[in-house]
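Analysis of the macromolecular model
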Amino acid sequence: MTKHPLRPCLHRLGDAGGHLRPSGSLLSTFLILLAPSVLDVDALMDISDDLDFLPALPSHRDVPIGCIGSGFIMADCHLVAYRQAGFNPIAIASRSRKHAQEVADRHHLESSYDSYHAMLSDTRIRVVDIAVPPDIQLQVVHDVVRYPHVRGILAQKPLAANYDDAQRVVQLCADAGITLCVNQNMRYDQSVRACQSAIRRGYLGDPVLATLDMRAIPHWKPWQSRQGWMTCRIMSIHHLDTMRFWFGEPERVFASFRTDPRTKFTHVDGIGLYILEYKNGLRCMICDDVWTGPAREGAAEDLGIRWRVEGTEGLARGTIGWPKYPLREPSTIDFTNISTGIWHQPRWEQAWFPDAFVGPMAELLIALESGTAPTMSGRDHLKTMALVDACYQSAQQHRAILLPSDMDCPIR
Ligand SMILES: NC(=O)C1=CN([C@@H]2O[C@H](COP(=O)(O)OP(=O)(O)OC[C@H]3O[C@@H](n4cnc5c(N)ncnc54)[C@H](OP(=O)(O)O)[C@@H]3O)[C@@H](O)[C@H]2O)C=CC1
Ligand SMILES: O=C1CO[C@H](CO)[C@@H](O)[C@@H]1O
């Protein structure tokens, strides 16, 4: 407090206003008028404006994309985002020609098919975007890699129903020389990306404790009833992957599940609690309450996702706006550190769903044009799959599971 006499005043402004931005002209004027000799105004402006929360875009956006699956995520997120970004989806296939045609009409795609084999005979297609249930993704990739004009695949998380099948998917792509990117797209949620940027820039110092608390109800799908599992491989996988994105590889994980009292199909997970232990002492705690009841049973709702990262020199806290979808609620980040002593509250218009779906496709297109591996490569995703499988093992055995120390992907 002694370093910056204005600090308490700025705190109150940030807290009360909620949307006041240190980069805004009002606050800039306020600081410049009142405290030019006390605060380094330029430094204050920069730290908040400096965070990378949007994806890099490829030089060429016209690479022809063929889409497999025309369900929720393809129709309402991928294709909406691709049209915004100027990407070039030209064809779509799913089990039902009618669905594929409806989605083609809605997003102005040239062609629709009732089989992806038929679609893949279009030799213009360079990139295949897959959005089918996880237990059939291995078969789909197995078929796609036989078409030599295909150079890149964007596949869904989880890559398969278990680690071994996911490894087969990665191997199939490696053998065919196809670049595989996995749509682990919470990494492109704007607040998650901004936080990663703050961590990377050292604004928070050494991370000490991270928490993520989900109290929200995903759109469960009928195909989930045949899996025998739901939350951890479908939803918690985003949160576990986010911790990897922020902090790297954990040493050990402890998971505890209780079944979701509202879900009628057999499942081993449901509500998931996770503790990740890192070698450097960092601890991460995730609570995925996907029942969040009895909200759907008539009680008042308390839905949301909140996260928080405490470091030796700073603190970041955020919200994920997605539980309000289809309402458009951008995620948020507030952060502070011991150098500036105020809450920085950058804000943006973009939301996780659908805007963040630009990121994974952009990453794949950049990887193809630069001949490099995407950061969300198949090999990288295997580390998330290994973590997820360790969570199932931990919950089943009621003990912490040590993760392989190198976590290196065994793909040839
Ligand atoms: N990264 C993310 O944030 C998200 C990822 N996902 C993932 O995306 C995938 C799809 O989820 P979602 O869109 O919600 O599911 P939907 O049930 O809405 O859509 C599934 C689609 O797969 C198609 N399909 C099913 N079987 C086949 C098959 N044998 N051949 C070709 N197409 C087939 C269906 O075809 P038809 O329409 O003809 O019946 C449908 O279009 C899942 O793996 C899920 O985990 C989902 C949501 C968010
Ligand atoms: O990845 C996911 C995030 O949100 C979706 C929509 O509720 C989930 O169902 C899902 O699979």
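This structure is a prediction, so every number in the text was calculated from the model and none was measured.

**Examining the nonpolar core**
Soluble globular proteins tend to pack their nonpolar side chains together in the buried interior. Among the nonpolar cores identified, the biggest contains 119 residues, and I153, M243, W246, F247 and W322 are the most heavily contacted of them. When residues of this core are assigned to domains, at least three map to each of domain 1 (65–186 + 360–375) and domain 2 (190–351 + 383–402). Ignoring any residue separated from it by four or fewer positions in sequence, one finds M243 in contact with A210, T211, L212, G248, L276, Y278, C284 and I286.

**Focus on the side chain of T336**
Following the sequence through the fold, T336 ends up in strand β13 (residues 332–337). Only 2.9 Å separates the side chain of T336 from the backbone oxygen of I342, close enough to count as a polar contact.

**Some points on the sheet that holds strand β7 (residues 207–215)**
Across a sheet, paired strands are connected by hydrogen bonds in the backbone, their directions being either parallel or antiparallel. Strands sit in the order β13-β12-β11-β7-β10-β9-β8-β14 across an open sheet of eight strands; the sheet is mixed. Two strands close off the open sheet at either side, each with one partner strand: β13 and β14 (401–402). Direction of pairing for strand β11 (residues 304–311) relative to strand β12 (residues 314–320): antiparallel, over a ladder of six bridges. Of the residues in β12, the one forming a bridge with W307 is G318.

**A few points about the UniProt feature "domain: Gfo/Idh/MocA-like oxidoreductase C-terminal" (unreviewed entry) in the protein chain**
Mapped onto this structure's residue numbering, the UniProt feature "domain: Gfo/Idh/MocA-like oxidoreductase C-terminal" (unreviewed entry) falls at residues 197–399. For the annotated span residues 197–399, helix accounts for 27% and strand for 25% of the residues, and the straight-line distance between the end C-alpha atoms is 33 Å.

**Describing the site of ligand 2**
Close contacts around ligand 2 come from F72, K157, P218, H219, I234, M235, H238, W322 and F353, and that covers them all. In this structure, K157 approaches ligand 2 through a side-chain N or O atom, which is 2.7 Å from an oxygen atom. A distance of 2.6 Å is found between an oxygen atom of ligand 2 and a side-chain nitrogen or oxygen belonging to H238. Here ligand 2 is seated within the largest pocket.

**Let's talk about the domain arrangement of the protein chain**
Looking at the assigned domains, one finds that the protein chain contains domain 1 (65–186 + 360–375) and domain 2 (190–351 + 383–402). In this structure, domain 1 and domain 2 have C-alpha centres spaced 26 Å apart. Contacts between the two partners involve 18 residues from domain 1 and, on the opposite side, 20 residues from domain 2. Buried area between domain 1 and domain 2, both sides added, is near 1,600 Å², and the carbon and sulfur share of it is 64%. Linking domain 1 with domain 2 are one salt bridge. Counting across the domain 1 and domain 2 interface gives five residue pairs in polar contact (both at pLDDT 80 or more). Class assignment of the residues belonging to the side of domain 1 that touches domain 2 gives a composition of 12 nonpolar, three polar and three charged.

**What about the state of the cysteines?**
By the definition in use, this model includes zero disulfides. For the unlinked cysteine C67, the closest cysteine sulfur is that of C77, found at 13 Å.

Conventions and cut-offs
- Residues numbered from 1 in each chain as written.
- Chains lettered and ligands numbered in written order.
- Predicted model: local features only at pLDDT ≥ 70, side-chain atom pairs only at ≥ 80, totals over all residues.
- Heavy atoms only, no water.
- Core = buried A, V, L, I, M, F, W, Y, C linked by side-chain atoms within 4.5 Å.
- Buried < 20%, exposed > 50% of the residue type's maximum accessible area, 1.4 Å probe, protein only.
- Domains from an automatic or database assignment.
- Contact = heavy atoms within 4.5 Å.
- Helix = DSSP H or I, 4+ residues; strand = E, 2+ residues; numbered from the N terminus.
- Polar contact = N/O pair within 3.5 Å; in protein donor to acceptor, adjacent residues only side chain to side chain.
- Pairing = 2+ DSSP bridges.
- UniProt positions renumbered as here; feature names shortened; annotations may be inferred.
- Near = heavy atom within 4 Å.
- 1 Å grid on protein atoms, 1.4 Å probe; cavity = no way out; pocket = protein on both sides within 12 Å on 5 of 7 lines; lining within 4 Å.
- Sits in = over half its atoms within 2 Å of the grid points.
- Buried area = accessible area lost by both parts, 1.4 Å probe.
- Salt bridge = Lys/Arg side-chain N within 4 Å of Asp/Glu carboxyl O.
- Nonpolar A, V, L, I, M, F, W, Y, C, P; charged D, E, K, R; others polar.
- Disulfide = S-S within 2.5 Å.

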